[in-house]
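Here's the letter readout for the chains.
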Amino acid sequence: MAGGSAELELFRRRWREELAGGAKRRRREAAAEQPAAEQPAAEPESRHSAEPGEPGYLALARGLLDGGAPPVPARRSPSPARPAEEPVGGGGGDGDDLLGQLIRDLNEINEVPFFDIQLPYELALKIFHYLGKTELGRCAQVSRTWKILAEDEVLWYRLCQQEGYLLDTSISDRSCWKLALKNCRARERTLKTNWKNRIGGVSQLQYELGKILCDVHSCDGVVIAGYTSGEVRLWDTRTWDYTAPILEPVHGPGDAGPRPHVSFVRINSSLAVAAYEDGTVSIWNLMFGREPIHHYQHNQRIQALALGSEGATVATASGFEVKVESPNDRGFWQTTETFEIQKLVNFLNLVPDVMGSPVTVAAAEDVVYLLKAEDPGKILHSVYGQPVTCLDVSAHEAAFGVKTFGWLLNEPNQACDGLSAMREGECFRQVEKEAGVFSHKSSESGDLIPGPSRHLSTSQARQGWQCPCRWQRGLGQCPALEQRGLQILLYNLETSQCLKKMGNSIGDFTCVNLQNSPPNMLVTGNKDRRVRVFDLRKSESLCSLYAHQLGVSAVQMDDWKIVSGGEEGLVCVWDHRMGTKLWEMYARHPVRHIWFNSHSLITANIPDEKNPRGASIVADDLTTHRKHRGIIYAYEFSVDQLAVESILPICRSSYDEVTGYNYNIGLAVPYDNI
């Protein structure tokens, strides 16, 4: 680099010297040989003959560096010298004109002043690549040259991409990337304000003919729902006037009776999958219409269904068998792998972003399997008597909760000291009524902390008797009784090693979200009514939020908020940086599905009872089922309106249904859309 700088400086010095000498020599020759000026092209042609096909700026530079006058084209006519802003065809004029001409010929490489040196434009642009928005704004105030450089489209396009805006665009799609970045940041601030204040539109995605809602899944605003009538329906919430097409099942010759219930549904950017109670699996391509492109059959009921986040890979678990289906190179679907395991599968996930054959993680009671084609029976985790309660996987890791039974008995005759000093950092007692045991629980995080406790009689446990005791957190071990806290385990899928053990709660971990969480973050829900956020680098809880009375059933987080759903039907939105609840929404049934992005939120309240008591035996009379059906909510926070001001679902329909019910009137004559 130092040698190149020295050569550049030497070239510049020789260039300026030759320019000064050539100008003086031309003036002397013009004064002494006035008649010879009528033939200006003879001498350059004899002294500096240009090579065939040689660019003009190379001939100009060679002539100047050799000490002679610059070559002048033969077509040059006597005319006054043009200003420096215009391209100069000949060698007339002073050295500044020639220097400007050479720089413009060299692809407009302008020199940018950097303190006491001059740098080429590309090199200065490379330096400015390391600056942020604030630094670029300050540099733009230095001079006109620096302002042009600091507002270069390449710099602001790079900043826009780094902040995650307009990732699917190229630099030629916008004329001013600085303004585009400003608009994106303003929109982000507006969306965050709408999220915090619950400003936006809300819609209810209902389908009355489907009877009871069985399962819901969503991907990028497209929602799929399965019902007890056997129908599968889609909604695209990204458009205002969206419709809900019905995905047709595979019809066989003996399908005259009622169709089986839908057990599971899954969707990604290109495929939709539904599993039915009779073991049938249907796969639809979202681009090819409503007819399924593939289906296959299990002999038993399906316990779990998984669909790859990208690509076309489907995994199902039925009985003691896990089957993986995917298309081959010609597009024909086939069974890629079949795995035989020893226990019934409770949770099933496909590992995302896997090259080659798909990798599946299956949790079967107290065993977690890592199912690969090259190692079909590999066990990732197995502890007898500790069943897995939840599971989620990312590209390289798997996180799952384990449940432990029983208590470790140290000294059964040790009793509580009975002191009742409750101060900061101390704890309170909580009765485990099923076991009749007292244990310590932190009043801040809700986690179990070792402390004095004793085994109580059944009558005392039934009465809910509490005995407060003085105990400083972190001091000593419980001399009488200690409970094994329930934990979240984090495993590396490549090395099959346990990386972290997090949490120590008294309740089961009912849900965990690893794939959609920020880097090095993990959010969980527990039966002890709390939502916990863990830092994977420190294996500790960053915050613990008291959320739901009957336990947490679904949870998701991003860099600043958490959305959690409970068994009681409550959806809560939290600011986990402040540890405060922003707002909540209630529905009748447990929350089984939550998905959100920067501007929308999808929640689903799915009933546990698929055949509620009091339901009418008449198939067409669904009015008694309304409160038992379940409901799907779609929030759109980019709309500047309150949730209570949203348009009712009946006003968003096309009114082309000829049959209706007393709560959803359908008109025989279609009207214009409202």
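Residues numbered from 1 in each chain as written. Predicted model: local features only at pLDDT ≥ 70, side-chain atom pairs only at ≥ 80, totals over all residues. Heavy atoms only, no water.

## Re the sheet that holds strand E7 (residues 246-247)
Taken together, four strands build an open sheet; the order of strands is E4-E5-E6-E7 and the sheet is antiparallel. Whereas interior strands pair on both sides, the edge strands pair on one side only; in this sheet they are strand E4 (213-219) and E7. In terms of strand pairing, strand E5 (residues 222-227) meets strand E6 (residues 232-236) through five bridges, oriented antiparallel. Paired with Ala225 across the strands is Arg233, a residue of E6. (Pairing = 2+ DSSP bridges. Helix = DSSP H or I, 4+ residues; strand = E, 2+ residues; numbered from the N terminus.)

## Topic: the packing of aromatic side chains
The geometry of an aromatic ring pair is captured by two quantities: the separation of the ring centres and the angle between the planes. Tallied over the full model, the rule gives nine aromatic pairs. Measuring from ring centre to ring centre gives 5.7 Å for Trp195 and Phe596, while their planes differ by 65 degrees; the resulting arrangement is edge-to-face. Taken as a pair, Trp195 in helix H9 (residues 177-197) and Phe596 in strand E36 (residues 591-596) lie far apart in primary sequence, 401 residues in all. Taking relative accessible area as the criterion, Trp195 reaches 1% and is therefore assigned buried. Looking at Phe596, the relative accessible area reads 6%, which means it is buried. Their ring planes at 45 degrees and their centres at 5.6 Å tell us that Trp583 and Tyr635 sit as a pair that is tilted. Pair noted here: Trp583 is in strand E35 (residues 580-586) and Tyr635 is in strand E38 (residues 631-636), with a separation of 52 residues, a long-range link. Relative accessible area serves as the criterion here: at 8%, Trp583 is assigned to the buried category. According to the relative accessible area criterion, Tyr635 is buried, its value standing at 4%. (Phe/Tyr/Trp six-rings, centres within 6.5 Å; stacked < 30°, edge-to-face > 60°. Buried < 20%, exposed > 50% of the residue type's maximum accessible area, 1.4 Å probe, protein only.)

## Quick notes on the pairing of strand E37 (residues 600-605)
Of all six residues in E37, six are buried, a share of seventy percent or more. Of the two faces of E37, both are covered, the one formed by Ser600, Ile602 and Ala604 as well as the one formed by Leu601, Thr603 and Asn605. Sheet topology places E36 next to E37; five bridges connect them, and they run antiparallel. Along E37, the bridge assignment pairs His593 with Ala604. Linking E36 back to E37 in an antiparallel pair, the connection comprises three residues. Direction of pairing for E37 relative to E38: antiparallel, over a ladder of six bridges. Opposite Ala604, over in E38, you have Ile632 as the bridge partner.

## Side note on the confidence of the model for the chain
Across the chain, the average pLDDT comes to 75, with 65% of residues at or above 70. Of the regions scoring below 50 in pLDDT, residues 72-95 engages in 27 contacts with residues more than four places distant in sequence or in other chains. Scored below 50 in pLDDT, residues 406-444 makes 116 contacts in the model with residues more than four places away or belonging to other chains. (pLDDT = per-residue confidence, 0-100. Contact = heavy atoms within 4.5 Å.)

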